[in-house]
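# Report on the structure
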Amino acid sequence: MSKSHFGLIGLGVMGENLVLNAERNGFSSVVYNRTYSKTEDFLNGRGQGRNIQGAKDLQDFVEKLERPRRILMMVKAGPAVDAVMNEISPFLDEGDLLIDGGNSDYHDTERRVKELESKSFGFIGMGVSGGAKGALEGPSMMPGGTKASYDAIENLVTKMAAQVEDGPCVTYIGPGGSGHLVKTVHNGIEYGIEQILAEAYDLMKRVKGMTGEQMADVFLQWNSTEELSSYLVEITEVCLRTKDPADGGDLVEKIVDQAGQKGTGLWTVVTALQMGASVPTIYAALNGRVMSSMKSQRETAESILKGPAIKDFDLGSSADAMAPLMDATVLSCIASYAQGMELLRISSKDLDYELHMPSIAQIWKGGCIIRARLLKRIQDAYNADPQLENLMIDPWFAEQINKRLPGLAKVVAGAAEAGVPVPCFSSTLDYINSYRTGRLPQNLVQAMRDCFGSHTYQRVDQEGNFHTEWLD
Ligand code: NBP
């Protein structure tokens, strides 16, 4: 058998679909999995009749690939990536290229790029988004590493990626761990939007007593608007309409209300804190998952801590697409993107990644979980001003904020009075209100710090550092 163009390690959900995608696009492939029976099952199942061969061990795998070899690893992030790298390295030749397509921590990718490049192998850390379907039909891909390494995989990834009106949803992101940093922030934005849509659902259900079908109709309506048309709104409608085959009731209502948080969502928030970027909507989503996991504590507290009784307030109606609730949802989604992009802008400076913001918006327009029509506006905003400090001050986004802020405030106030938690909506309101306030109360914070710790302060009317003996 002739040598294959492309190698894949790790036949999990993503690996299986990505190799089928590569083969469909003309790249004969060889696959390896730690447990060989999975390789056999794949070759006898979905891989049958395709130009895909299997390998029992890594030496066999490497020998079946044309040189320079292009090998995609789709294994769990962390020690598994290092384990595969260590196992395969003795069989590689100069110029061969390893791609880590998992959700790795960008710090690990920085280290691996250096390690492998020093051995004259290439290493690409590539975020892949789109889930199983995206992996098969065309994901969004975020590859980082040396430009030379990217050039060696460009024809492969541009064919495999989702295609939108202005090209494939993949581009060279930048050096080192930049591809995985961008994927991490993508996932942070994803956390935000998922929680925002869950808050809208919770208000419609608990305050308005709407049925699954009625709520699904609202999401359907929202999905036809420029501001909210997106993959996540689309699947929210599907989730709300799906029935439990056992009794025909809404399946969503049978699902335990606990969501995990680890990896990329957590790293987004930690990176933001380290870089001094403000991401409160994304943090609120992460914390929403933390609170959700305290199931037994919440159940105990429910009978001890008495809040207001749920009471009705104006969330709009189907005639106006639930206008105030839509305002809250739109602005919170805008805030998630704005915070993610801001984090990328700040990290790019700090890490010398030279991220090209319009291109990042462009490759998120298709294939990935956060794809949305709004990304075209984000792309336009950064094309108009590549140094834009925050998306919210771009004219189109500023207009949205000015128009929708009263609706968001009404929803947050109503939710507070009804005792329904809306962490992303309320964080977004505070975020916008803080950002649009020229003078915040941190003057008093500075006074206190100087009072108890002689930390000094600066004055609005004079240059220099000042100290006052406040307690004398
Ligand atoms: P899974 O975690 O389901 O599967 C990983 C595969 O790697 C298994 O088939 C496993 O083999 C194999 N593997 C090999 Br080869 N060496 C391994 C080792 N040393 N330790 C552990 N496993 C090893 O993969 P997945 O859900 O396709 O995810 C792969 C990566 O893609 C992860 O980083 C994930 O976060 C990321 N990702 C996932 C999605 C998604 O929607 N699932 C989306 C985007 C990114 P075995 O059969 O012997 O266990």
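These figures come from a predicted structure and were not determined experimentally.

Analysis parameters
Residues numbered from 1 in each chain as written. Predicted model: local features only at pLDDT ≥ 70, side-chain atom pairs only at ≥ 80, totals over all residues. Heavy atoms only, no water. Helix = DSSP H or I, 4+ residues; strand = E, 2+ residues; numbered from the N terminus. Rg over C-alpha atoms; globule rule 2.2 N^0.38 Å. Buried < 20%, exposed > 50% of the residue type's maximum accessible area, 1.4 Å probe, protein only. Phe/Tyr/Trp six-rings, centres within 6.5 Å; stacked < 30°, edge-to-face > 60°. Lys NZ or Arg CZ within 6 Å of the ring centre and 35° of its normal. Arc of directions from axis to C-beta. Contact = heavy atoms within 4.5 Å. Near = heavy atom within 4 Å. Polar contact = N/O pair within 3.5 Å; in protein donor to acceptor, adjacent residues only side chain to side chain. 1 Å grid on protein atoms, 1.4 Å probe; cavity = no way out; pocket = protein on both sides within 12 Å on 5 of 7 lines; lining within 4 Å. Sits in = over half its atoms within 2 Å of the grid points. Points joined across faces, edges and corners; volume = space filled by probe spheres on them. Nonpolar A, V, L, I, M, F, W, Y, C, P; charged D, E, K, R; others polar. Domains from an automatic or database assignment. Buried area = accessible area lost by both parts, 1.4 Å probe. Salt bridge = Lys/Arg side-chain N within 4 Å of Asp/Glu carboxyl O. Patch = residues over 30% accessible without salt bridge, like charges linked within 9 Å, V, L, I, M, F, W, Y side chains within 5 Å. Areas by Shrake-Rupley, 256 points an atom, 1.4 Å probe, with all protein chains shown as cover.

Here we take up the overall build of the protein. In terms of helices and strands, the protein carries 19 helices and nine strands. What you see for the protein is a C-alpha radius of gyration of 25 Å, in line with the 23 Å of a compact globule of 472 residues. By principal-axis analysis of the C-alpha atoms, the protein measures approximately 80 × 70 × 45 Å. The buried share among the 472 residues of the protein stands at 52%.

Another aspect to go through is the packing of aromatic side chains. Taken as a whole and judged by the stated rule, the model has seven aromatic pairs. Ring centres 5.2 Å apart and planes at 75° place the aromatic pair phenylalanine 219 and tryptophan 222 in the edge-to-face group. One end of the pair is phenylalanine 219 and the other is tryptophan 222, both in helix 9 (residues 212-222) and three residues apart, which spans about a single turn. Note on accessibility: phenylalanine 219 and tryptophan 222 belong to one class, buried. Ring plane angle 85° and centroid distance 4.9 Å describe the contact between tryptophan 396 and phenylalanine 397, whose orientation is recorded as edge-to-face. For the pair shown, tryptophan 396 and phenylalanine 397 are each scored as buried. What links up through ring pairs into an aromatic cluster is the set Tyr457, Phe466 and Trp470. Taking NZ or CZ as reference, arginine 371 lies 4.2 Å from the ring centre of tyrosine 231, over its face. Taking the ring centre of phenylalanine 466 as reference, the NZ or CZ of arginine 459 above it sits at 5.8 Å.

On to helix 9, then. Residues of helix 9 that are buried: Gly212, Met215, Ala216, Val218, Phe219 and Trp222. Seen along its axis, helix 9 keeps its buried residues to an arc of 155°; they face one direction. In this structure, the buried residues of helix 9 make contact with helix 8 (178-206), helix 10 (231-241) and helix 14 (323-351).

The subject of this paragraph is the site of the ligand. In the neighbourhood of the ligand, 21 residues make up the surrounding shell, with Met14, Asn33, Arg34, Thr35 and Lys38 lying closest. Contacts to the ligand include valine 13, whose backbone N or O atom sits 3.3 Å from an oxygen atom. Take threonine 35: an N or O atom from its side chain is 2.5 Å from an oxygen atom of the ligand. Comparing atom positions with the cavity grids shows the ligand to sit within the second largest pocket.

So, about empty space enclosed by the protein. Empty space left among the atoms is revealed by rolling a probe the size of a water molecule over them. Under the definition given, this model contains two cavities of 30 Å³ or more. Roughly 80 Å³ of volume is contained in the largest cavity. What lines the largest cavity is simply Ile193, Glu227, Leu228, Ser230, Leu232, Val233, Cys333, Tyr337, Ile370, Arg371, Ala372 and Leu374. Within the residue set of the lining of the largest cavity, elements represented by two or more residues are helix 10 and helix 14. When its residues are assigned to classes, the lining of the largest cavity shows nine nonpolar, one polar and two charged. If you go around the second largest cavity, the residues you meet are Phe6, Leu18, Leu72, Ile99, Met126, Met141, Leu156, Val157 and Met160. Take the lining of the second largest cavity: its biggest share by element is three residues, from helix 7 (residues 147-160). Classifying every residue of the lining of the second largest cavity gives nine nonpolar, no polar and no charged.

Right, let's get into the domain arrangement of the protein. Domain annotation of the protein identifies domain 1 (6-176), domain 2 (183-435) and domain 3 (442-472). Look at where the C-alpha atoms of domain 1 and domain 2 centre, and you get two points 32 Å apart. Contacts between domain 1 and domain 2 engage 28 residues on the former and 24 residues on the latter. The contact between domain 1 and domain 2 buries some 1,800 Å² in all, and 57% of this surface belongs to carbon and sulfur atoms. Counting across the interface, domain 1 meets domain 2 through two salt bridges. Two residues, glutamate 165 and lysine 365, come together in a salt bridge whose shortest N-O distance is 2.7 Å. Inspection of the domain 1/domain 2 interface yields ten residue pairs in polar contact (both at pLDDT 80 or more). Elements supplying a minimum of two residues to the side of domain 1 that touches domain 2: helix 5 (106-118), strand 6 (122-129), helix 6 (131-137), strand 7 (140-144) and strand 9 (167-168). Residue classes in the side of domain 1 that touches domain 2 are distributed as twelve nonpolar, twelve polar and four charged.

We now examine a nonpolar patch on the surface. A cluster of nonpolar residues, Leu444, Val445, Met448 and Phe452, forms a patch on the protein surface that exposes about 410 Å² of accessible area. Structurally, the position occupied by phenylalanine 452 is in helix 19 (residues 442-453).

A few words now on the layout of surface pockets. In this structure, the largest pocket encloses a volume near 1,900 Å³. The wall of the largest pocket is formed by 44 residues, among which Ala198, Tyr201, Asp202, Asp257 and Ser292 lie closest to the centre. If you list the elements that add at least two residues to the lining of the largest pocket, you get helix 8, helix 10, helix 12 (280-293) and helix 13 (295-302). Among the elements that take part in the lining of the largest pocket, helix 8 stands out by supplying ten residues, more than any other. The residue makeup of the lining of the largest pocket, split by class, is 23 nonpolar, eight polar and 13 charged. In this structure, the second largest pocket spans a volume of roughly 1,200 Å³. Elements that contribute at least two residues to the lining of the second largest pocket include exactly helix 1 (13-24), helix 4 (79-88), strand 6 and helix 8. By residue number, the principal contributor to the lining of the second largest pocket is helix 8, which donates five residues. Per-class residue counts for the lining of the second largest pocket are 15 nonpolar, 15 polar and eight charged.

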